[in-house]
Amino acid sequence: MGLSGYLMSLPPESREEAIKRLNEQADALERRTENRLAQELAGQKAASQAWKIIADLFGGVFVGLALGFGIDHFAGTSPVGIIGGVLVGFAISVWMAWRTAKRIQAEAEASGVRPQAVPFDDEEEDA
């Protein structure tokens, strides 16, 4: 039995039933598409927030290094200014990253989304 025999054996469908079935399928497709887009946007937002924290960490260290180098150059206190600048820059960058993480967590909780812990993966990868 070919395709035409299969189609001939189906009961006839009224125009209203066909339109209703197509509308239901279109609505289901739209919901799936919206869910996928929402997940992609959430992933992009999380990635941008992670890059913000990384920029905070590196930026503080580099600014501290530059200020320490400038102090060493003008005051003639070579390696003390650089070492102190890097340490102060690192402390400030950790504080800024912590503050950013707390802000992100507060925004997530205010929107009703509870952050979930990522499960620890203790399995060794076979290479």
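Notes on the structure in this doc start here.

Parameters at a glance
- What you see as residue numbers is a count from 1 along each chain, following the sequence as written.
- For a predicted model such as this one, the threshold for reporting local features is a pLDDT of at least 70, and the threshold for listing and counting side-chain atom pairs is 80 or more; totals across whole chains, interfaces and linings nevertheless cover every residue.
- Only heavy atoms go into the side-chain values, all of them from the structure, while hydrogens and water stay out.
- Numbering goes from the N terminus for both helices and strands, where a helix is a DSSP run of H or I of at least four residues and a strand is a run of E of at least two.
- The classification of residues rests on relative accessible area computed with a 1.4 Å probe and restricted to protein chains. Under 20% of the type maximum is buried, over 50% is exposed, and intermediate values are partly exposed.
- Any two residues whose heavy atoms approach within 4.5 Å at even a single point are treated as in contact.
- Shrake-Rupley sampling with a 1.4 Å probe provides the accessible areas, and residues are treated as covered by the protein chains on show and by no other component.
- Every patch collects residues that have over 30% relative accessible area and no salt bridge, joining them within 9 Å if they carry like charges and within 5 Å if they are nonpolar side chains (Val, Leu, Ile, Met, Phe, Trp, Tyr).
- The salt bridge definition used is simple: a Lys or Arg side-chain nitrogen within 4 Å of an Asp or Glu carboxyl oxygen.
- In this analysis, the protein atoms alone were mapped onto a 1 Å grid. Cavities are point sets where a 1.4 Å probe fits without being able to get out; pockets are open sets with protein on both sides within 12 Å along at least five of seven lines; lining residues have an atom within 4 Å of a point.
- Grid points are joined across faces, edges and corners, and a volume is the space filled by probe spheres set on the points.
- Under the scheme applied here, ten amino acids are nonpolar (Ala, Val, Leu, Ile, Met, Phe, Trp, Tyr, Cys and Pro), four are charged (Asp, Glu, Lys and Arg), and all others, including Gly, are polar.
- A helix is expected to span 1.5 Å for every residue after the first.
- By the counting scheme adopted, Arg and Lys are positive, Glu and Asp are negative, and His together with the chain ends is not counted.
- Charge positions come from single atoms, namely NZ of Lys, CZ of Arg, CG of Asp or CD of Glu.
- Axis lines are fitted to C-alpha atoms, over the contacting stretch for helices. Their N-to-C directions set the angle, which ranges from 0 to 180 degrees.
- When an angle is under 35 degrees it counts as roughly parallel; over 145 it counts as roughly antiparallel; between 65 and 115 it counts as roughly perpendicular; any other value is oblique.
- By convention the crossing between two helices is left-handed if the near helix lies anticlockwise of the far one by an angle smaller than a right angle, and right-handed if it lies clockwise.

The next subject is the overall build of the protein chain. Summing up its helical and strand segments, the protein chain has three helices and zero strands in all. Mapped from its N terminus to its C terminus, the protein chain presents α and β elements in the order α-α-α. Here the protein chain holds 127 residues, and 11% of them are scored as buried. Relative to all contacts within the protein chain whose residues are 6 or more apart in sequence, the contacts with residues 24 or more apart total 54%. Of the roughly 10,900 Å² of accessible surface on the protein chain, 65% is carried by carbon and sulfur atoms.

Moving on, we get to a nonpolar patch on the surface. A contiguous nonpolar patch, built from W51, I54, F58, F62 and L65 and spanning about 550 Å² of accessible area, is present on the exposed surface. Here W51 shows up in helix α2 (residues 15–75). Look at W51 and you get exposed, because its relative accessible area is 59%.

This next bit is on the layout of surface pockets. Empty space within the largest pocket amounts to approximately 340 Å³. For the largest pocket, the lining is made up of 13 residues, of which A42, K45, A46, Q49 and I104 are closest to its centre. Taken together, the elements giving at least two residues each to the lining of the largest pocket come down to α2 and α3 (80–110). If you tally residues by element for the lining of the largest pocket, the top one is α2, at seven residues. Of the residues belonging to the lining of the largest pocket, the class tally is eight nonpolar, three polar and two charged.

As a further point, take α2. For α2, which comprises 61 residues, the first-to-last C-alpha distance of 88 Å matches the rise-based estimate of 90 Å (1.5 Å per residue) to within 8%. Within α2, the full set of buried residues consists of A18, Q49, D56, G60, G64, G68 and D72. Positive phi appears at G76, one or two residues downstream of α2, with a value of about 70°.

Moving on, we get to the pattern of salt bridges. Taken as a whole, this structure holds two salt bridges when the rule is applied. For D56, the salt bridge identified is with K52, shortest N-O distance 3.0 Å. Highlighted residues: D56 and K52, both in helix α2, separated by four residues, approximately one helical turn. Among the residues examined, K52 registers a relative accessible area of 38% and is labelled partly exposed.

Bringing a negative patch on the surface into the picture now. Together, E24, D27, E30 and E34 make up a negatively charged patch on the protein surface. Assignment of secondary structure puts E34 in helix α2. A residue is classified by how much of its surface remains accessible, and E34, at 45% relative accessible area, is partly exposed.

This paragraph deals with the side chain of D56. With a relative accessible area of 6%, D56 lands in the buried category. Other than its neighbours up to four places away in sequence, D56 contacts S93, M96, A97 and T100.

One can describe the packing of α2 onto α3 by two numbers: an axis separation of 7 Å at closest approach and a directional angle of 160°. By the criterion of interaxial angle, the relationship of α2 to α3 is roughly antiparallel. Note that α2 runs across α3; the crossing there is right-handed. In terms of residue class, the contact of α2 with α3 is made up of 14 nonpolar, nine polar and four charged.

None of this, on its own, says anything about what the molecule does.
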